[in-house]
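Next come the chains, spelled out residue by residue.
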Amino acid sequence: MRDAAPTTIYLKDYTPFAYLIDEVSLTFRLDPEKTRVLSRIAFRPNPDATDRRFFLHGEDLTLISAKIDGKDIETRTVDGGIEADAPDAPFIWEAEVEIAPASNTALEGLYMSNGMYCTQCEAEGFRKITYYPDRPDVMAPFHVRIEGTEPVLLSNGNPGTSGAGFAEWHDPWKKPAYLFALVAGDLVNHPDTFTTKSGRKVDLNIWVRPGDEGKCAFGMQALKDSMKWDEDVYGREYDLDLFNIVAVDDFNMGAMENKGLNIFNSSCVLASPETSTDANFERVEAIIAHEYFHNWTGNRITCRDWFQLCLKEGLTVFRDSQFTADIRSAEVKRITDVIDLRARQFPEDQGPLSHPVRPESFQEINNFYTATVYEKGAELIRMLKTLVGDDAYKRALDLYFDRHDGDAATIEDWLKVFEDATGRDLTQFARWYSQSGTPRVTVREAFEGDTLTLHISQMTPPTPGQDEKDPRVIPIAVGLLNPNGDEVMETQILELTEAEQSFSFPGHATRPIPSVLRGFSAPVVLEQDIDNARRAFLLAHDTDAFNRWESGRMLARDALLRMILEDAAPDAAYLEALTTLMRDETLDPAYRALMLGQPTQSELVGLLHEQGHTPDPQAIHDASEALRDAKAQALADLLPGLYANNQVDGPFSPDADAAGKRTLANAALSLLTRLDGGTAAANQYAMADNMTLQLAALSALLDAGKGEEQLAAFEKQWSHDRLVMDKWFGLQIMQAAPKDTAATAARLTDHPDFSMKNPNRFRAVFGALAMSHAGFHHESGAAYTLLADWLIRLDPLNPQTTARMCSAFQTWRRYDADRQAAIKTELERILATPNLSRDTNEMVSRILGA
């Protein structure tokens with residue numbers, strides 16, 4: 001267990017490591033309880049360093065021996081590792097340590113998953129493998145020898161010599177220790193090849209446990225599509241002879257981009273029609289693309305220190321978003337990205353866990369793998385591309401790859417590339433990286449003579465540690481429509497750089513109607529004093545797909561707020577507009593399915609809180625359900641046709657067109673079940689030949705208070721498949737009545753297939769509990785206590801997963817006094833736990849410090 005005493009690390013204190021490394025040689029003699037790791041590392045003094053202290057990170061290691069230039073030396077144990085006297089000249093460090101992979105439940109470093117050895121070294125896991133300067137700016141080529149009885153022995157790079165009981169690997173590209181990987185076990189591969197743009201043949205493998213071979217084909221095609229896309233769009237070619245992916249059941253993250261040996265959570269690479277939904281297929285495709293794209297934006301160019309994490313992650317998230325938009329629907333992808341941003345990042349930005357995209361300090365870096373670093377970081381790349389234009393963006397990226405290949409770079413390096421490529425001063429844009437919080441942009445309109453003027457202002461509310469915020473550069477995409485619905489000005493980018501600015505648009509005989517923040521051109525909260533008639537007009541006529549969807553969303557939001565606050569009936573004008581839109585067969589089915597959605601209950605909590613109201617979770621839940629009932633009634637004549645006309649004939653395909661139709665059909669089924677009591681859903685469940693249809697039907701039945709027979713049949717059918725059973729666990733909690741949510745989750749923890757040691761299963765239960773808004777915040781407080789109980793149990797085993805699940809409590813100050821008191825009690829109970837991990841200590845302390 002790590003020392004939980006909080007030590008804060010600051011960006012301003014960065015200094016380079018005292019030594020550079022020319023080469024690393026590692027030998028692993030595998031044993032579940034007593035793995036020996038032998039290291040031989042060639043160090044030389046770093047001319048840029050001012051401190052000659054020879055310090056190596058290390059945790060939970062038994063040191064057997066240590067030598068410098070072949071001679072035994074004495075080491076001194078210090079906080080976080082060891083130090084020794086070293087020459088101010090090149091030298092060879094040799095060490096032998098012993099570790100126990102089978103006892104490593106934290107799933108960092110070298111550990112075991114169902115008899116398989118595997119590693120996870122980002123961010124600071126390599127220090128649990130051997131003594132080493134475990135920091136991203138120390139880069140070196142690695143040679144690895146693995147000795148073990150397992151039939152498959154894998155590491156980074158290209159294969160070298162191998163024989164009975166051993167295999168050697170060499171990675172010629174310099175990399176930091178966090179990109180090291182090792183896998184050993186009884187695995188089978190799904191092979192393929194890819195020919196690069198220059199004609200080189202690359203061997204590809206997806207390695208899985210026996211029995212999972214039939215779930216690899218889609219992932220392999222996604223990998224090949226990603227490789228080709230990166231060549232075509234960014235000019236980036238793969239640089240090794242081999243690319244391996246390994247599926248691992250026990251994994252804290254989604255996947256890891258280790259050079260040449262990506263390690264994936266099984267849920268993020270295994271896919272088949274029978275076991276995976278359309279959403280699963282798209283997620284697998286995106287994550288495989290994301291990890292592959294890291295080969296250049298993360299591996300070839302890494303980050304100087306962990307404060308620069310957003311450099312590799314924000315850029316790579318943006319690239320994988322581009323990829324999905326190109327091969328699926330750009331409009332649908334943009335909307336779903338914004339839904340996710342508002343659901344995950346906006347609450348983070350507006351609460352006690354708020355931090356800049358590039359933080360100034362941290363106690364535990366694992367706690368900063370956040371939506372702010374990833375998703376908001378990607379939004380910053382998107383804004384930068386919008387501001388400079390597509391051609392300049394391409395020039396800047398080419399320069400970035402040329403200038404910094406092999407470097408550990410910083411945000412300053414990144415922005416300097418754009419300044420040099422475009423001649424633009426990005427000093428003000430850099431504030432996006434240093435200032436936390438979500439800017440609020442207010443738009444007021446004036447029309448005089450033939451000129452429309454938009455008066456636009458910006459302000460960012462105070463966030464922890466940042467009370468005053470300077471104005472940022474905010475690109476605001478605006479188009480203009482005539483009252484008859486024709487577009488009279490195509491999208492233009494307005495650059496808001498001051499606290500208040502005005503923009504004029506002359507030459508209009510009649511007052512045009514502005515469409516503002518098209519494509520969600522900046523991650524801001526837009527405030528406009530417009531009525532529902534304007535929103536209905538934009539819903540009907542806006543040529544921007546995002547803003548058309550946003551207008552419908554705003555109509556639904558206002559209807560729900562009136563239902564919650566005024567006990568109003570569902571808004572008839574909104575229902576009529578929705579009915580008209582559902583009749584439009586020219587629209588993408590996936591887009592129409594998004595239109596059938598409505599604001600989440602958590603989103604409504606935020607809106608009510610901003611308006612000075614105390615949110616009532618049960619009232620929000622009741623209003624949300626009432627609006628769904630009203631939509632079902634309003635669309636009663638259309639739903640059977642929507643459902644029937646979007647059935648997909650022929651063999652299952654996960655492509656965007658087929659998936660879009662199934663999404664719309666299942667959305668219609670969900671509403672139809674509110675009218676027919678589950679007849680259509682029961683029939684779909686009985687006839688389903690793929691998981692998308694089967695799970696949607698089961699969900700609809702449970703939502704209607706039925707489906708117990710199907711739920712039992714589902715468990716019996718899929719009890720052998722761990723990933724499908726994760727769905728079974730989560731669905732029951734998500735569909736439980738609020739008063740029963742905590743009890744349902746508690747009951748499922750007694751199921752023989754529940755294990756808190758498996759992150760996927762723990763998240764299936766407690767992630768679902770936290771997302772079931774009215775159930776989690778039920779007035780009994782039972783869910784608060786249940787989650788806290790299990791976090792206390794999990795923390796000694798897996799601090800990473802524990803700390804991340806603590807974020808379920810981050811919005812606690814939005815609720816009434818009784819709920820606040822109940823949550824505070826549980827947070828204080830967690831914080832008082834003896835030997836609490838550094839990860840969880842920091843998260844709970846920040847949440848309580850709101």
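Quick notes on the rules
- Residues numbered from 1 in each chain as written.
- Predicted model: local features only at pLDDT ≥ 70, side-chain atom pairs only at ≥ 80, totals over all residues.
- Heavy atoms only, no water.
- 1 Å grid on protein atoms, 1.4 Å probe; cavity = no way out; pocket = protein on both sides within 12 Å on 5 of 7 lines; lining within 4 Å.
- Points joined across faces, edges and corners; volume = space filled by probe spheres on them.
- Helix = DSSP H or I, 4+ residues; strand = E, 2+ residues; numbered from the N terminus.
- Nonpolar A, V, L, I, M, F, W, Y, C, P; charged D, E, K, R; others polar.
- Phe/Tyr/Trp six-rings, centres within 6.5 Å; stacked < 30°, edge-to-face > 60°.
- Buried < 20%, exposed > 50% of the residue type's maximum accessible area, 1.4 Å probe, protein only.
- Lys NZ or Arg CZ within 6 Å of the ring centre and 35° of its normal.
- Salt bridge = Lys/Arg side-chain N within 4 Å of Asp/Glu carboxyl O.
- Contact = heavy atoms within 4.5 Å.
- Polar contact = N/O pair within 3.5 Å; in protein donor to acceptor, adjacent residues only side chain to side chain.
- Pairing = 2+ DSSP bridges.
- Core = buried A, V, L, I, M, F, W, Y, C linked by side-chain atoms within 4.5 Å.
- Patch = residues over 30% accessible without salt bridge, like charges linked within 9 Å, V, L, I, M, F, W, Y side chains within 5 Å.
- Areas by Shrake-Rupley, 256 points an atom, 1.4 Å probe, with all protein chains shown as cover.
- Lys, Arg positive; Asp, Glu negative; His and termini not counted.
- Charge placed at Lys NZ, Arg CZ, Asp CG, Glu CD.

Comments concerning empty space enclosed by the protein
Then, in step 1: The tally for this structure, following the rule as stated, stands at one cavity of 30 Å³ or more.
Then, in step 2: Roughly 70 Å³ of internal volume is contained in the largest cavity.
Then, in step 3: If you trace the largest cavity, you find it lined by Leu539, Trp549, Gly552, Arg553, Ala556, Tyr574, Leu578, Leu594, Met595 and Gly597.
Then, in step 4: Of all the elements in the fold, those that place two or more residues in the lining of the largest cavity are helix 10 (545–566), helix 11 (572–582) and helix 12 (589–596).
Then, in step 5: Top element by residues in the lining of the largest cavity is helix 10. It accounts for four residues.
Then, in step 6: Broken down by class, the residue content of the lining of the largest cavity amounts to seven nonpolar, two polar and one charged.

Focus: the packing of aromatic side chains
Then, in step 1: Tallying each qualifying case throughout the model produces 46 aromatic pairs.
Then, in step 2: With a centroid separation of 5.7 Å and an interplanar angle of 50°, the aromatic rings of Trp229 and Tyr234 are classed as tilted. In this structure, Trp229 and Tyr234 share a single accessibility class: buried.
Then, in step 3: Taking the centre distance of 5.7 Å and the plane angle of 80° together, the rings of Phe293 and Phe323 count as edge-to-face. Here Phe293, found in helix 2 (residues 278–293), pairs with Phe323, found in helix 3 (residues 309–327); they are 30 residues apart in sequence, far enough to count as distant.
Then, in step 4: The cationic tip of Arg236 hangs over the ring face of Trp296; the distance from NZ or CZ to the ring centre is 4.7 Å.
Then, in step 5: Lying over the aromatic face of Trp790, Arg793 brings its terminal NZ or CZ to 4.1 Å of the ring centre.

Thoughts on the pattern of salt bridges
Oppositely charged side chains are able to pair whenever their charged atoms sit close together.
Then, in step 1: Throughout the structure, instances matching the rule amount to 68 salt bridges.
Then, in step 2: The partner of Asp137 in a salt bridge is Arg135, and the shortest N-O contact between them spans 2.7 Å.
Then, in step 3: The salt bridge involving Arg200 is made with Glu237; its shortest N-O contact spans 3.9 Å. With Arg200 in the loop between strand 17 (188–195) and strand 18 (201–208) and Glu237 in the loop between helix 1 (217–234) and strand 19 (242–248), this residue pair connects regions lying 37 residues apart in the sequence.
Then, in step 4: Arg200 gets classed as partly exposed once you look at its relative accessible area, which sits at 27%.
Then, in step 5: For Glu237, a relative accessible area of 21% translates into the label partly exposed.

Quick look at the environment of Thr543
Then, in step 1: Position of Thr543 relative to the elements: it lies in the loop between helix 9 (532–541) and helix 10.
Then, in step 2: A relative accessible area of 48% places Thr543 in the partly exposed class.
Then, in step 3: The sequence separation of Thr543 and Thr491 amounts to 52 residues, and the corresponding C-alpha distance is 9.7 Å.
Then, in step 4: Contact partners of Thr543, with chain neighbours within four places excluded, come to Glu487 and Arg518.
Then, in step 5: Among the polar contacts listed, one links the side chain of Thr543 to the side chain of Arg518, at a separation of 3.2 Å.

Digging into the sheet that holds strand 21 (residues 261–265)
Then, in step 1: Taken in spatial order, the five strands of this open sheet run 17-18-19-21-20, and their pairing is mixed. Both outer strands of the open sheet, strand 17 and strand 20 (255–256), are each paired with one neighbouring strand and no more.
Then, in step 2: In terms of strand pairing, strand 17 meets strand 18 through eight bridges, oriented antiparallel. From the neighbouring strand, Thr195 faces strand 18, where its bridge partner is Lys201.

Structural notes on the nonpolar core
Then, in step 1: Within the largest apolar cluster, 211 residues are counted, with the highest numbers of intra-cluster contacts made by Trp93 and Trp414.
Then, in step 2: With 49 residues, the next largest nonpolar core counts Leu353, Ile733, Ala764 and Met805 among its residues.

Quick look at a negative patch on the surface
Then, in step 1: Judged by side-chain charge, Glu331, Asp588, Asp655 and Asp657 come together as a negatively charged surface patch.
Then, in step 2: As for its placement among the helices and strands, Asp588 is situated in the loop between helix 11 and helix 12.
Then, in step 3: Under the relative-accessibility criterion, Asp588 is labelled partly exposed at 30%.

Thoughts on unusual backbone geometry
Then, in step 1: Along the chain, Glu122 connects to Ala123 via a cis peptide bond; the corresponding omega equals 5°.
Then, in step 2: Within the element layout of this structure, Ala123 appears in the loop between strand 11 (116–120) and strand 12 (140–147).
Then, in step 3: Positive phi is not limited to glycine here, since Leu517 has a value of about 65°.
Then, in step 4: By the element assignment, Leu517 lies in the loop between strand 30 (513–516) and strand 31 (525–528).
Then, in step 5: Relative accessible area serves as the criterion here: at 5%, Leu517 is assigned to the buried category.
Then, in step 6: One non-glycine residue, Asp567, adopts positive backbone phi at about 55°.
Then, in step 7: Within the fold, Asp567 resides in the loop between helix 10 and helix 11.

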